[in-house]
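# Structural description and commentary
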There are 2 protein chains.
Amino acid sequence: MSRIYNFSAGPAMLPEEVLKTAAAEMLDYHDSGMSVMEMSHRSRVYQGIIDEAEADLRKLIGIPENYKVLFMQGGATLGFAMIPMNFMVKGKIDLINTGVWTKKAIKDAKIFGEVNVVASGEENGFKKIPDVKSIKFDPEADYVYMCDNNTIYGSKFKEYPETGNVPLICDMSSCFLSEPIDVKKFGMIYAGAQKNVGPAGVTICIIRDDLLARTPRQPLPAYLDYRLHAENGSMYNTPPTYGIYICGLVFKWLLKEGGLAARKANNEKKAKILYDYLDSSKFFKPYVDKDSRSLMNVTFRTPSDELDAEFLEGAKKYRFTNLKGHRSTGGLRASLYNAMPIAGVEALVKYMKEFEEAHK
Amino acid sequence: MSRIYNFSAGPAMLPEEVLKTAAAEMLDYHDSGMSVMEMSHRSRVYQGIIDEAEADLRKLIGIPENYKVLFMQGGATLGFAMIPMNFMVKGKIDLINTGVWTKKAIKDAKIFGEVNVVASGEENGFKKIPDVKSIKFDPEADYVYMCDNNTIYGSKFKEYPETGNVPLICDMSSCFLSEPIDVKKFGMIYAGAQKNVGPAGVTICIIRDDLLARTPRQPLPAYLDYRLHAENGSMYNTPPTYGIYICGLVFKWLLKEGGLAARKANNEKKAKILYDYLDSSKFFKPYVDKDSRSLMNVTFRTPSDELDAEFLEGAKKYRFTNLKGHRSTGGLRASLYNAMPIAGVEALVKYMKEFEEAHK
C-alpha cells in the first residue's frame, strides 16, 4: 500500500528517503555487521554517529561555540522539571503563558520557586500571542520562559522578547528546524524530536555555557543534572542511540535540501496554501488570529462539531490521517511539518473545497 | 557484509528476525501507509501496538493483575532518582551494594533520605554477591533496593532476600527476560531495554499497586511521578513509540521461542560453554566467584593487561566485537544476552583456545 498524508501533530511524518536509508541499514550499518540499535554507545562506530549528528546540527543552525548540544530523554515534559531544578537559582522566573504547555511548565516550576506570568493569552482562549514589546521583565528573574509554537492552538511567536541580561529559555518542540534560529538570543532552546526531527524519545537541548555553569540550589540526582550530560557528551548514561541516528539522517536531509532558510520558504508556501483558503472560505474558520499563526499547526473549524466529525469521516477516503484537533480544544488541525510535501496540503485543500461545496 | 557476533554489554544484539520485520515495516506498518516512527501516539493503530506489547509482556512473565506495566524513558539512571522521589515516604531505605550501579542509586537516594547499606560486596572487589539469608532488614524501611545482575563485574543473585512487608525494588536491567521472574516477590522491577529487550531509550517498570499508591513526601514534577504515567497508560506524555514497538517484536519472538523457561535453558547452555572452558583454562581466569556468576555478562582476564589487549586485537579477524571489560574494571567481558546464538559462544571459545595455545 502507498504512503499516506499524515497530518499528525507529532509523532509526525519523516522524509521518505530517511526511512528508506534506515530500512536499508537496519541489519548492517555501513559494513559494521550490526544494526545501529545493537551498537554499544561506547563504540567508535556509534561515537562517529553521534558526533556527526551534532556537527550537522551545529552547521544547520549555526550554533555558536559557547553553547552545548545535548541529546536527552523524557521529552519537553521532563524539561519542565529539569529547567527549574537546574537554573532557578535565586528562586523566581518570568514566564509567558501561551497555553497547555506553558501551564504544565508553570506547575512544575512552582514546586521550586516563584513563577511570574508576565503575559498571557488565556483571556482570549490563546488565539493570540501576547505582544512581546509591551512586556515588563524582572531584571532579577533567573530566566524568562516561553514556548515558541503552541501545537494545540496553532499559535507562534513572530518575534522574541528582549530580556536583557536575563536568559531566555524556549521550548521550541513544534517549530524546531522549521526555520532559521538565532541561537544567541537564547540561554537555552530545547525540543522534543517527534515533530520535525526524528522519533519520539529524543529531546535536543542547546544550552549556553554560562547558564550551564550556574550552581543548582540543591544537590541534583544525576540524570536531572544538565551539567553531567554536557560534561559527558550526552553519554553520562546510555542515550537513545537509535533515535539520535534517525535525527542525524534528518539533519543530513535538511542540509541537502538547502538548510533552514529553504525549509522556511517551503513551510511558508505550504501554510499559505491552507491559510489563504481558510481566509477565503465562508465555511471553514481558522482558530488563531492572523498575526499569531503557526506555520506548523493550522487549526480550524467547520460551523459545527457534527460537521467537523463528518469532515474527519470523509477524509478517510483520501487516506488523510490525524486531522482531528487536540482533545482539549476539539475542532480540526492540520500539522504541516518539514516532511509534509506541498502536494499533501494541495490535496487537503482540494478536499476542503469539495466539502465546503457539498455543505454550504 | 554478514552480521557479526557482538558481545556488547548493551546496547546489544537483537534477534535477526526482529530486525528484518522492522526493516520490512519501516515505510508502511501493516498497510497504515506510515512508519511506526511517524504515528501519533494517540492514534488507534499505535494504541494497538503498545497494548499488544504490554499484553505480550504480561503473558511472557506472568505479571499479576495488581502490578502496572510502564514504558518510560531515562534508563535505570533516571530510576535512581525517581524511586526515592516516589517511594521514600518515611525517609529511610535498606540497600544491598553490588557495585557501580547500586553506588549510583545510593548517591541519588541520599539526596532524599537515609540509605542503610545492609550488605556489600565492596571489600572483595564485588566478586561475590552477599549472602542474602544473613542480611538483617529494617522492618521500618520504606523499601529494600537491589540490582539483580551487575553488568560490569558479571555478578548475579542466585536467590532473592526475604524482606517481609518491606517492598523489594529491583533493578533488573541486564538480566530482565533472560529467565522466568517471580514478580510477586517484588514491589517494583525495572529495567533498561537495551540488553535483552530492545533499543536504548525505553525503560520498563513493573510496579505493585500498593507501592504506586504511596503519597510522595513532596509535590513531584509531572514526569517524575510514576502514578501519572500509570494513570495514563504510559501516555502522560509522548512515550518512546518506536522503541516500544521494537520491544513488542522481541516479546513476540520470545513467546514463539518457548518463553522465559526455554530462554533460561538456552542462556545456561551458552554460559556453561564459556565458564566450563574458563574453569579448565590455565591461562584465562574468570573474575567472579562461582556461586555469584552472571549468565549474561562473563568477565575474565588473561595473565596481563598486554595479553588482554592482544586478545582484543586478535578478535578482530573473527569480527568479534565489544569484548573489552568495562572502563572501570579493565579485563575482558563477553555479554551473552538472549539474542546471542550458541554458535557465537562456541566460536568465541574456539578463538580463546587458539589464543591460549599460542601464548601458554
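Not measured: the values here are computed from a predicted model.

## Considering the overall build of chain A
- Within chain A one finds 10 helices and 14 strands.
- Projecting the C-alpha coordinates of chain A onto the three principal axes gives extents of approximately 60 × 55 × 30 Å.
- For chain A, the proportion of contacts with a sequence separation of at least 24, taken over those separated by at least 6, is 69%.
- In the form shown here, chain A has an accessible surface area of approximately 13,400 Å², with 51% of it arising from carbon and sulfur atoms.

## Regarding the pairing of strand β5 (residues 144–147) of chain B
Residue and element names in this part refer to chain B.
- Of the two faces of β5, the one carrying Val144 and Met146 and the one carrying Tyr145 and Cys147 are both buried.
- Here strand β3 (residues 92–97) runs beside β5; their pairing, made up of 2 bridges, is parallel. Pairing of Asp94 across the sheet is with Val144, part of β5.
- The pairing of β5 with strand β8 (residues 168–171) spans 4 bridges and is classified as parallel. Within the sheet, the bridge partner assigned to Met146 lies in β8 and is Cys170.

## Here we look at the side chain of His41(A)
- Relative to the elements of secondary structure, His41(A) occurs in the loop between α1 (16–24) and α2 (44–61).
- On the basis of relative accessible area, His41(A) is assigned to the buried category, the value being 7%.
- A polar contact is formed between the side chain of His41(A) and the side chain of Arg42(A), at a distance of 3.4 Å.
- Sequence-distant contacts of His41(A), that is, excluding residues within four places in its chain, are made with Tyr46(A), Met235(A), Asn237(A), Thr238(A), Pro239(A), Thr241(A), Gly10(B) and Pro11(B).

## Observations concerning the relation of the copies chain A and chain B
- In screw terms, the move from chain A to chain B is a rotation of 180° and a rise of 0.0 Å along the axis, fitting with an RMSD of 0.0 Å. The superposition of one copy onto the other is thereby described by a two-fold rotation axis. Across chain A, the rotation axis passes nearest the C-alpha of Ala23(A), at a separation of 2.2 Å.

## Some thoughts on the domain arrangement of chain A
All names here are of chain A.
- Domain boundaries in chain A define domain 1 (16–256) and domain 2 (258–358).
- Here the C-alpha centre of domain 2 lies 27 Å away from the C-alpha centre of domain 1.
- Taken together, the contacts link 28 residues of domain 1 with 25 residues of domain 2.
- For the pair domain 1 and domain 2, the number of links is 1 salt bridge.
- The shortest N-O distance in the salt bridge between Asp291 and Lys128 comes to 3.0 Å.
- Our count for the contact surface shared by domain 1 and domain 2 stands at 18 residue pairs in polar contact (both at pLDDT 80 or more).
- Among the secondary structure elements, those contributing two or more residues to the side of domain 1 that touches domain 2 are α2, β6 (149–150), β7 (155–156) and α7 (241–256).

## A few points about the packing of aromatic side chains
Residue and element names in this part refer to chain A.
- The final tally for this structure, using the stated rule, is 41 aromatic pairs over all chains.
- Summarising the aromatic geometry, the rings of Phe284 and Phe311 are spaced 5.4 Å apart at their centres and angled 75° between planes, so their arrangement reads as edge-to-face. Of this pair, Phe284 sits in the loop between α8 (259–280) and β11 (285–286) while Phe311 sits in helix α9 (residues 305–315), placing them 27 residues apart in sequence.
- Within the aromatic cluster, the residues linked to one another by ring pairs are Tyr5, Phe7, Tyr277, Phe283, Phe284, Phe300, Phe311, Tyr318, Phe320, Tyr351 and Phe355.

## Remarks on the packing of helix α8 (residues 259–280) of chain B against helix α10 (residues 342–359) of chain B
Residue and element names in this part refer to chain B.
- Remark: α8 packs on α10, axes separated minimally by 10 Å, with the N-to-C direction vectors making an angle of 5°. Classified by the interaxial angle, the pair formed by α8 and α10 is roughly parallel. When α8 is examined against α10, the residues Asn266, Lys269, Lys270, Ile273, Leu274, Tyr277 and Leu278 are found in contact with a partner set consisting of Ile342, Val345, Glu346, Leu348, Val349, Met352, Lys353 and Glu356.
- When grouped by side-chain class, the residues that make up the contact of α8 with α10 number 9 nonpolar, 1 polar and 5 charged.

## What to know about the nonpolar core
- Core analysis: the largest hydrophobic core is formed by 136 residues, its most contacted members being Phe176(A), Tyr242(A), Phe176(B) and Tyr242(B).
- Sequence-distant contacts of Tyr242(B), that is, excluding residues within four places in its chain, are made with Met26(A), Met37(A), Tyr242(A), Ala22(B), Met26(B), Ser35(B), Val36(B) and Met37(B).
- By size, the runner-up hydrophobic cluster in this structure holds 64 residues, among which are Tyr226(A), Tyr145(B), Tyr190(B) and Ile207(B).

## Brief notes about the pattern of salt bridges
- For the structure shown, the criterion picks out 54 salt bridges over all chains.
- Linking Lys156(A) and Glu179(A) is a salt bridge whose minimum nitrogen-to-oxygen distance equals 3.1 Å. Taken together, the positions of Lys156(A) in strand β7 and Glu179(A) in the loop between β8 (168–171) and β9 (188–192) put the pair 23 residues apart, joining distant regions of the chain. Here Lys156(A) and Glu179(A) have matching classes, each one buried.
- Here Asp210(A) and Arg208(A) are joined by a salt bridge, their closest N and O atoms 2.6 Å apart.
- A cluster of three or more residues bridged by salt bridges with shared partners is formed by Arg3(A), Glu16(A), Lys20(A) and Glu38(B).

## Description of the environment of Asn66(B)
Residues and elements named next belong to chain B.
- You can see Asn66 is positioned in the loop between α2 (44–61) and β2 (67–72).
- Between the alpha carbons of Asn66 and Asp209 there is a distance of 5.6 Å; along the sequence they are 143 residues apart.
- In this structure, Asn66 is in contact with Ile207, Arg208 and Asp209, ignoring residues within four places of it in sequence.

## Description of the packing of α2(A) against α7(A)
All names here are of chain A.
- Contact pair α2 / α7: the axes reach a minimum separation of 9 Å and the direction vectors enclose 40°. Put simply, α2 runs oblique to α7. Between α2 and α7 lies a crossing whose hand is left-handed. Each of Tyr46, Ile49, Ile50, Glu52, Ala53, Asp56, Leu57, Lys59 and Leu60 in α2 lies in contact with α7, whose residues at this interface are Thr241, Ile244, Tyr245, Gly248, Phe251, Lys252, Leu254 and Leu255.
- Class assignment for the residues of the contact of α2 with α7 results in 11 nonpolar, 2 polar and 4 charged.

## Some remarks on the interface of chain A and chain B
- Taken together, the contact between chain A and chain B spans 64 residues of the former and 64 residues of the latter.
- For the pair chain A and chain B, the summed buried surface comes to about 4,900 Å²; carbon and sulfur atoms form 61% of the total.
- It is Leu27(A), Met37(A) and Glu38(A) that lose the most area in chain A upon contact with chain B, and together they represent 14% of the buried surface on that side.
- At the surface where chain A touches chain B, the tally comes to 2 salt bridges.
- The partner of Glu38(A) in a salt bridge is Arg3(B), and the shortest N-O contact between them spans 2.6 Å.
- Connecting chain A to chain B are 22 residue pairs in polar contact (both at pLDDT 80 or more).
- Looking at the side of chain A that touches chain B, the elements that each hand over two or more residues are α1, α3 (75–87), α4 (100–110) and α7 of chain A.
- Taken together, the residues of the side of chain A that touches chain B break down into 32 nonpolar, 21 polar and 11 charged.

## Thoughts on the sheet that holds strand β12 (residues 297–301) of chain B
All names here are of chain B.
- Ordered in space as β11-β12-β14, the 3 strands form an open sheet in which the pairing is antiparallel. Unpaired on one side and paired on the other, β11 (285–286) and β14 (332–335) mark the two borders of the sheet.
- Bridge count between β11 and β12: 2 bridges; the pairing is antiparallel. Bridging across to β12, Lys285 finds its partner in Arg301.
- Along the sheet face, α8 touches β11, β12 and β14 and points at about 20° away from the line of β12.

About the criteria used
Residues numbered from 1 in each chain as written. Chains lettered and ligands numbered in written order. Predicted model: local features only at pLDDT ≥ 70, side-chain atom pairs only at ≥ 80, totals over all residues. Heavy atoms only, no water. Helix = DSSP H or I, 4+ residues; strand = E, 2+ residues; numbered from the N terminus. Contact = heavy atoms within 4.5 Å. Areas by Shrake-Rupley, 256 points an atom, 1.4 Å probe, with all protein chains shown as cover. Buried < 20%, exposed > 50% of the residue type's maximum accessible area, 1.4 Å probe, protein only. Pairing = 2+ DSSP bridges. Polar contact = N/O pair within 3.5 Å; in protein donor to acceptor, adjacent residues only side chain to side chain. Least-squares fit on C-alpha atoms with pLDDT ≥ 70 in both. Domains from an automatic or database assignment. Salt bridge = Lys/Arg side-chain N within 4 Å of Asp/Glu carboxyl O. Phe/Tyr/Trp six-rings, centres within 6.5 Å; stacked < 30°, edge-to-face > 60°. Axes fitted to C-alpha atoms, helices over the stretch in contact; angles between N-to-C directions. Parallel < 35°, antiparallel > 145°, perpendicular 65-115°, else oblique. Nonpolar A, V, L, I, M, F, W, Y, C, P; charged D, E, K, R; others polar. Core = buried A, V, L, I, M, F, W, Y, C linked by side-chain atoms within 4.5 Å. Left-handed = near helix turned anticlockwise from the far one by under 90°. Buried area = accessible area lost by both parts, 1.4 Å probe.

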